[in-house]
Amino acid sequence: MSKKIFSGVQPTGNLHLGNYIGAIKNFVNLQNEPDNSCIYCVVDLHAITVKQNPSELKKNIRETTAAFIASGLDYKKSIIFNQSLVPAHSEGSWILSCVARMGWLNRMTQFKEKAGKDKEKASVGLYIYPILMAADILLYDATHVPVGQDQRQHLELSRDIANKFNLDFNSPNFLVAPEPLIQKNFARIMSLKDGSKKMSKSDPSEFSRINLNDTSDQIITKIKKAKTDNDPLPDNENELSKRLEAQNLLGIYSSLSDQTLKNTISEFSGKNFSAFKEKLANLVVDKISPISSEINKLLKDENFIDKILNDGAEKANEIASKKIKDLKKIIGFK
Ligand code: TYM
């Protein structure tokens, strides 16, 4: 079945192995399935929900685009653009914020995590961020949205918004409720320092994550220093699920080697961590170093990256501006 794919990544600092395994690697697989049409967005409007330095933001938009291309996204096959170039995202977000309910937003766990203890000081944008995400998806009639586990709740909200809009305006199926595409074993890559915490850009410790632009030496050191326990690796998934760090590292190995977790477990069962870590470090270097050097190469030609984004935005704008026009007609705007 052909799928209409939409997904986005925030241009806020270095992308890491969690972004790659949880999302971007899957973007590439979906792009390479024959009948899919794919749109991948650098969501710069989402980025400004927390304070950004303007020149850093500009650099990060290009870096995220370079990471997309270096990971295997092809601007001839997929539409690649940055969100702020297509005005329908902001416009759609406002209209949908009049459909979404406060009660729905109040349940969003990511807002609670990101706003922390002092919610009063969080931007209003951070609070309504999932509505902008719904607009992103719904403007393109996306049927499937590949994301990591942390975005599942936001996708459910997008579905609720689509269904309520269709019901309120008696326009069945006008907005398409999207299906999340969340990979079974690799949807939540954890910190290398603490297997109970998500790998994240905002973790103060550099040793908690592997960045897509890390050098081979940095990757090797980070894997050497990754937290482990004292036992040999287990021989079944049940035992593994009780050992968070081992589960995370075997999951990374399994995803990057394109083999099932079961096969990875049998490859390493009974071995100690030092032998496994050496293999893991080699694999991560093999997979990530070419991406890292390609990112650096691409970043030398800013005009090339900007052209990809501008051309992509033109194509995205064609689709989104038509949808927003129809949406406004349904609402009763002249
Ligand atoms: P963002 O920029 O935080 O993350 C980009 C993608 O990476 C996934 N991810 C992870 N996956 C596995 N393990 C991890 N440790 C990990 N960390 C991040 C995220 O789940 C995500 O898929 N709101 C979104 C961006 C967005 C979007 C959209 C996504 C805006 N509009 C429309 C889909 C559709 C976000 O902040 O992702």
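Residues numbered from 1 in each chain as written. Predicted model: local features only at pLDDT ≥ 70, side-chain atom pairs only at ≥ 80, totals over all residues. Heavy atoms only, no water.

1. Some points on the overall build of the protein
To be explicit about the condition: Under the scheme used here, helices are H or I runs from DSSP no shorter than 4 residues and strands are E runs no shorter than 2 residues, and both carry numbers assigned from the N terminus. Radius of gyration: C-alpha atoms only; globule rule: 2.2 Å multiplied by the number of residues to the exponent 0.38. For the charge count, each Lys or Arg is scored as positive and each Asp or Glu as negative, with His and the chain ends excluded. Where a charge lies is defined by one atom per residue type: Lys uses NZ, Arg uses CZ, Asp uses CG and Glu uses CD.
Scanning the protein for helices and strands turns up 14 helices and five strands. What you see for the protein is a C-alpha radius of gyration of 21 Å, in line with the 20 Å of a compact globule of 334 residues. Along the first, second and third principal axes, the C-alpha atoms of the protein reach 70 × 45 × 45 Å. Averaging the positions of the 47 positive and the 40 negative side-chain charges in the protein gives two centres separated by 3 Å.

2. Some details on the pairing of strand E3 (residues 79-82)
Quick reminder of the rule: Categorising residues by exposure relies on relative accessible area from a 1.4 Å probe, with only protein chains included: less than 20% of the type maximum marks a residue as buried, more than 50% marks it as exposed, and the intermediate range marks it as partly exposed. Two strands pair if DSSP finds at least two bridges between them.
Because side chains alternate across E3, one face comprises the buried residues Ile-79 and Phe-81, and the other comprises Ile-80 and Asn-82, equally buried. Note that strand E2 (residues 37-42) and E3 share four bridges and pair parallel. Within the sheet, the bridge partner assigned to Tyr-40 lies in E3 and is Ile-80.

3. A few points about helix H11 (residues 244-256)
What counts is decided by this rule: To estimate how far a helix should extend, the number of its residues minus one is multiplied by 1.5 Å. We call two residues in contact when some of their heavy atoms are within 4.5 Å.
Along its 13 residues, H11 runs 18 Å from first to last C-alpha, staying within 8% of the 18 Å computed at 1.5 Å per residue. Counting buried positions along H11 gives 11 out of 13 residues, so the element sits mostly inside the fold. Glu-245, Ala-246, Asn-248, Leu-249, Leu-250, Gly-251, Ile-252, Tyr-253, Ser-254, Ser-255 and Leu-256 are the residues of H11 that are buried. Buried positions along H11 lie against helix H1 (17-31), helix H10 (237-241), helix H12 (261-268) and helix H13 (273-299). Asp-258, located one to two residues past H11, shows a positive phi value of around 55°.

4. Remarks on the domain arrangement of the protein
Note the cut-off: For every domain, the bounds stem from an assignment made automatically or drawn from a database. Buried area: the accessible area, evaluated with a 1.4 Å probe, that two parts lose upon being put together, summed over both parts. A carboxyl oxygen of Asp or Glu within 4 Å of a side-chain nitrogen of Lys or Arg is what we treat as a salt bridge. Side-chain atoms alone can form a polar contact between residues adjacent in sequence; in general such a contact is a pair of N or O atoms within 3.5 Å, and within protein one must be able to donate a hydrogen while the other accepts it. Each residue is assigned to one class: nonpolar for Ala, Val, Leu, Ile, Met, Phe, Trp, Tyr, Cys and Pro, charged for Asp, Glu, Lys and Arg, and polar for all the others, Gly among them.
If you check the domain split of the protein, you get domain 1 (4-188 + 302-331) and domain 2 (206-297). Centre-to-centre, using C-alpha coordinates, domain 1 lies 29 Å away from domain 2. The interface of domain 1 with domain 2 comprises 15 residues on the first partner and 18 residues on the second. Interface area lost by domain 1 to domain 2 is led by Leu-17, Ala-70 and Phe-186, which between them contribute 34%. Between domain 1 and domain 2 we count one salt bridge in total. Here Lys-25 ties to Asp-258 by a salt bridge, and the two come within 2.8 Å at their closest N and O atoms. Applying the counting rule to domain 1 against domain 2 returns five residue pairs in polar contact (both at pLDDT 80 or more). Those elements that provide at least two residues to the side of domain 1 that touches domain 2 are H1 and helix H3 (54-71). Of the residues belonging to the side of domain 1 that touches domain 2, the class tally is eight nonpolar, four polar and three charged.

5. What to know about the site of the ligand
Applied cut-off: When at least one non-hydrogen atom of a residue lies within 4 Å of a molecule or strand, that residue is treated as near it. Areas reported here follow the Shrake-Rupley algorithm with a probe of radius 1.4 Å; residue values treat only the protein chains shown as occluding. Every definition here rests on a 1 Å grid over the protein atoms only: cavities are sets of points where a 1.4 Å probe fits but cannot get out, pockets are open sets enclosed by protein on both sides within 12 Å along at least five of seven lines, and lining residues have some atom within 4 Å of a point. Grid points define the cavity or pocket, and a molecule sits in it when more than half of its atoms lie within 2 Å of them.
Taken together, 27 residues surround the ligand, and among them Gln-10, Tyr-129, Asp-136, Asp-150 and Ile-189 come closest. Asn-19 has a polar side-chain atom sitting 3.1 Å from an oxygen atom of the ligand. One of the side-chain N or O atoms of Tyr-129 is found 2.4 Å from an oxygen atom in the ligand. Taken by itself the ligand offers 710 Å² of open surface, and the protein chains cover 97% of this. Placement of the ligand is best described as lying within the largest pocket. Residue assignment for the shell around the ligand shows that the elements contributing at least two residues are strand E1 (4-9), H1 and helix H7 (124-138). Here the residues of the shell around the ligand are counted per class, giving 12 nonpolar, 10 polar and five charged.

6. Describing empty space enclosed by the protein
Convention followed: Grid points are joined across faces, edges and corners, and a volume is the space filled by probe spheres set on the points.
Under the definition given, this model contains four cavities of 30 Å³ or more. Along the walls of the largest cavity sit Gly-13, Asn-14, Leu-15, Glu-63, Thr-64, Ala-67, Leu-212, Asn-213 and Ile-295, which together make up its complete lining. In terms of residue count, H3 provides more of the lining of the largest cavity than any other element does, three residues in total. When grouped by side-chain class, the residues that make up the lining of the largest cavity number four nonpolar, four polar and one charged. Mapped onto the domain boundaries, the lining of the largest cavity takes at least three residues apiece from domain 1 (4-188 + 302-331) and domain 2 (206-297).

7. A short note on the pairing of E2
So the rule is basically this: When the strands point away from the viewer and the path from the first strand over the helix to the second turns clockwise, the crossover is right-handed.
For E2, the buried fraction is high: five of the six residues fall into the buried class. For E1 and E2, the ladder comprises six bridges, and the chain directions are parallel. When the bridges of E2 are listed, Lys-4 appears paired with Ser-37. For the crossover that starts at E1, traverses H1 and ends in the parallel E2, the hand is right-handed.

8. Remarks on the side chain of Asn-82
Mapping Asn-82 onto the fold places it in strand E3. Contacts of Asn-82, omitting those with residues within four sequence positions, involve Cys-41, Val-42, Asp-44, Ile-61 and Leu-309.

9. Some points on the layout of surface pockets
The volume enclosed by the largest pocket comes to roughly 1,000 Å³. Around the largest pocket, the lining comprises 39 residues; the ones closest to its centre are Gln-10, Lys-114, Asp-150, Gln-151 and Lys-198. Looking at the lining of the largest pocket, the elements that each hand over two or more residues are E1, H1, helix H6 (109-115), H7 and strand E4 (144-146). Taken together, the residues of the lining of the largest pocket sort by class into 16 nonpolar, 16 polar and seven charged.

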